[in-house]
Amino acid sequence: MNELARQLNTALENTITGALLSARGRRIYFPRGIVAQSAEAKEQAHKLNATAGIAVQGGQPLHLSPIRAHIPDLSPEEIFSYAPTAGHPRLRELWRREMLEKNPSLKGKRISLPIVVSGLTHGLSVLADLFVEPGDMVILPDLYWGNYRLIFEDRMEALIRTFPLFDEAGALNLQGLAKLLTPRSAQLSAQAAPPAGSSRASSGERMSAKVILVLNFPNNPTGYSPIRAEAEQLHALLSETAETGRQLLLICDDAYFGLFYEPEIYPQSLFAEAADLHKNILAVKVDGATKENLVWGFRVGFLTFASRGMAGQEDAFQALSQKVLGAVRSSISNSSTLGQNLLMRGMQAPNYEEEKQRMFGILEARYRRSREILNKLEGPLRVLPFNSGYFLCFDTGGVSAERLRQRLLRSDGIGTISIQDRYLRVAYSSVDLENLEELYGTIMRRASELS
Ligand SMILES: Cc1ncc(COP(=O)(O)O)c(C=O)c1O
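Being a predicted model, the structure only gives us computed values, none of them experimental.

The next thing to look at is the packing of aromatic side chains. Summed over the entire model, instances satisfying the criterion amount to 15 aromatic pairs. On the numbers, 4.3 Å between centres and 15 degrees between planes, the contact of Trp95 with Phe302 is stacked. Taken together, the residues span a long stretch of sequence, with Trp95 in helix 7 (residues 89–102) and Phe302 in strand 9 (residues 301–306) at a distance of 207 residues. As far as the burial class goes, Trp95 and Phe302 line up, both buried. Considering the side-chain rings of Tyr148 and Phe152, the 6.2 Å spacing of their centres and the 50 degrees angle between planes classify their relative orientation as tilted. Here Tyr148 and its partner Phe152 are both found in helix 9 (residues 147–155), four residues apart, which amounts to about one turn of the helix. The same class applies to Tyr148 and to Phe152, which are both buried. Aromatic rings pair up to connect Tyr261, Phe360, Tyr367, Phe386 and Tyr428 into one cluster. The ring centre of Phe257 lies 4.8 Å from the NZ or CZ of Lys285, which sits over that ring.

What follows is the structure, encoded as structure tokens:
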């Protein structure tokens with residue numbers, strides 16, 4: 001093992017991060033190679049800098065004018081240079097400041113400075129690299145963003161275990177989650193048939209104190225976020241779980257953070273409470289500008305860490321950051337400079353907040369209109385609880401969701417997503433307000449024909 005990796009592991013010894021790292025995570029380090037030496041030179045090489053692998057003339061990156069012409073307001077440095085591996089320092093500060101404003105419960109808690117990743121997907125992959133070992137249990141609700149399976153199960157060989165997202169009453173199914181979180185039931189579920197949505201055989205699952213929980217609210221595909229009472233119960237459950245000795249990596253996928261349309265929704269990230277909940281919990285906030293700032297193709301996301309057990313241990317925080325940087329450096333090296341700089345300019349513009357509010361208003365109007373239409377519409381489909389985000393989901397009951405999807409596509413030119421042949425996801429976020437009535441009307445009509 002590399003000496004730098006060994007030193008980082010020593011700094012993380014006896015911390016929750018150290019306990020959760022995978023074998024690959026233990027091997028990872030951020031080398032003192034080209035990137036680190038270039039960063040040093042940027043600060044100190046006042047005469048000539050012959051470090052980084054870019055081409056420079058007169059202090060500016062050499063560049064092609066037909067490209068530069070399209071981005072006249074940014075300097076060539078802001079467009080063409082490499083960004084630091086951890087991301088642009090000013091952007092990281094801005095993102096942290098916004099996070100603190102939007103999550104007042106974080107006040108006074110030690111959180112890491114967000115590290116820039118190339119979108120949330122990359123952030124999740126970095127976490128998987130650092131923390132997921134083949135055979136580790138990853139807990140998800142049964143309705144989840146499909147890419148989790150590719151990342152955690154197919155790529156990293158983890159065992160996905162799911163619980164039904166909603167209980168019979170249509171509330172967040174915390175009992176179902178509790179069953180998977182407690183070691184005893186985990187053992188039982190290892191012997192039982194795999195739960196719905198889990199394809200991998202349960203044989204060979206090993207009992208371990210370690211558990212990885214991915215919570216994504218507003219949820220993709222349902223568009224549900226916990227109401228305040230549910231969030232409180234969830235915090236209590238996490239705390240109780242940690243108290244039993246389980247070591248928990250809590251991944252809060254906040255891709256759609258802030259798109260909360262109802263006043264009873266818990267208005268903060270679950271990360272805010274989890275940040276100092278228990279020494280056995282390492283909480284990670286995976287978020288980004290992708291959906292929050294409507295820059296899907298910019299590829300700018302962030303990873304932010306916190307744990308009660310690591311508060312006051314600055315060397316452990318540093319070591320964890322170095323591990324993340326090593327995972328970024330060894331996968332994509334660094335994230336888009338142009339994306340980061342455009343975002344940063346936008347975030348500092350005087351009309352930034354106002355514009356964000358305006359966009360929120362557009363999406364909220366679609367949400368309200370969807371509710372209004374669906375309240376009146378009769379048919380064989382049942383809409384699952386939704387109150388936030390981009391989506392809603394129909395339970396198609398006896399109708400094959402895949403057949404319905406194909407019928408809508410072929411006969412009506414309407415695109416939707418079928419999930420598990422039982423649910424139809426509708427991204428009302430991408431349909432103009434005036435077309436929603438036709439959208440839902442056609443879906444229900446075709447479902448009636450197929451039922
Ligand atoms: C829940 C969830 N997480 C993460 C992502 C990926 O975000 P990004 O495009 O930044 O990789 C998505 C995108 O659809 C998502 O729905």
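From this point, the discussion proceeds with the structure in view.
Turning next to the domain arrangement of the chain. Per the domain assignment, the segments making up the chain are domain 1 (89–347) and domain 2 (352–450). For domain 1 and domain 2, the distance between their C-alpha centres works out to 27 Å. Taken together, the contact between domain 1 and domain 2 spans 28 residues of the former and 25 residues of the latter. Where domain 1 packs against domain 2, one counts one salt bridge. For the pair domain 1 and domain 2, the number of links is 16 residue pairs in polar contact (both at pLDDT 80 or more). Elements with a minimum of two residues in the side of domain 1 that touches domain 2: helix 7, helix 14 (289–292) and helix 16 (337–347). Of the residues belonging to the side of domain 1 that touches domain 2, the class tally is 13 nonpolar, nine polar and six charged.

What surrounds the ligand is a group of 13 residues, the closest being Thr121, Asn220, Asp253, Tyr256 and Thr290. Here Thr121 contributes a side-chain N or O atom positioned 2.5 Å from an oxygen atom of the ligand. Protein chains bury 91% of the 390 Å² of accessible surface belonging to the ligand in isolation. Among the elements of the structure, helix 8 (120–131) and helix 14 are those that each provide at least two residues to the shell around the ligand. Residues of the shell around the ligand, tallied by class, amount to five nonpolar, five polar and three charged.

Looking now at helix 18 (residues 401–412). The end-to-end C-alpha distance of helix 18 is 16 Å, a good match for the 16 Å that twelve residues give at a rise of 1.5 Å each. Of the positions making up helix 18, those classed as buried are Ala401, Leu404 and Leu408. Viewed along the axis of helix 18, the buried residues span an arc of 60 degrees, placing them on a single side of the element. What points out from helix 18, more than 90 degrees from its buried face, is the exposed set Arg403 and Arg410.

Looking at where Gln268 falls in the secondary structure, it is placed in the loop between strand 7 (247–253) and helix 13 (270–274). For Gln268, the residues in contact, after removing those within four places along its chain, are Lys102, Asn103, Pro104, Ser105 and Phe257.

Looking now at the pattern of salt bridges. Across all of its chains, the model carries 26 salt bridges by this definition. With a closest N to O distance of 3.5 Å, Lys42 and Glu77 form a salt bridge. With Lys42 in helix 4 (residues 34–44) and Glu77 in helix 6 (residues 76–80), the pair connects residues that are 35 residues apart, well separated along the chain. With relative accessibility at 61%, the residue Lys42 sits in the exposed group. Several salt bridges converge on common partners, so that one network encompasses Arg407, Asp412, Arg446 and Glu449.

Procedures and definitions
Residues numbered from 1 in each chain as written. Predicted model: local features only at pLDDT ≥ 70, side-chain atom pairs only at ≥ 80, totals over all residues. Heavy atoms only, no water. Phe/Tyr/Trp six-rings, centres within 6.5 Å; stacked < 30°, edge-to-face > 60°. Helix = DSSP H or I, 4+ residues; strand = E, 2+ residues; numbered from the N terminus. Buried < 20%, exposed > 50% of the residue type's maximum accessible area, 1.4 Å probe, protein only. Lys NZ or Arg CZ within 6 Å of the ring centre and 35° of its normal. Domains from an automatic or database assignment. Contact = heavy atoms within 4.5 Å. Salt bridge = Lys/Arg side-chain N within 4 Å of Asp/Glu carboxyl O. Polar contact = N/O pair within 3.5 Å; in protein donor to acceptor, adjacent residues only side chain to side chain. Nonpolar A, V, L, I, M, F, W, Y, C, P; charged D, E, K, R; others polar. Near = heavy atom within 4 Å. Areas by Shrake-Rupley, 256 points an atom, 1.4 Å probe, with all protein chains shown as cover. Expected span 1.5 Å × (residues − 1). Arc of directions from axis to C-beta.

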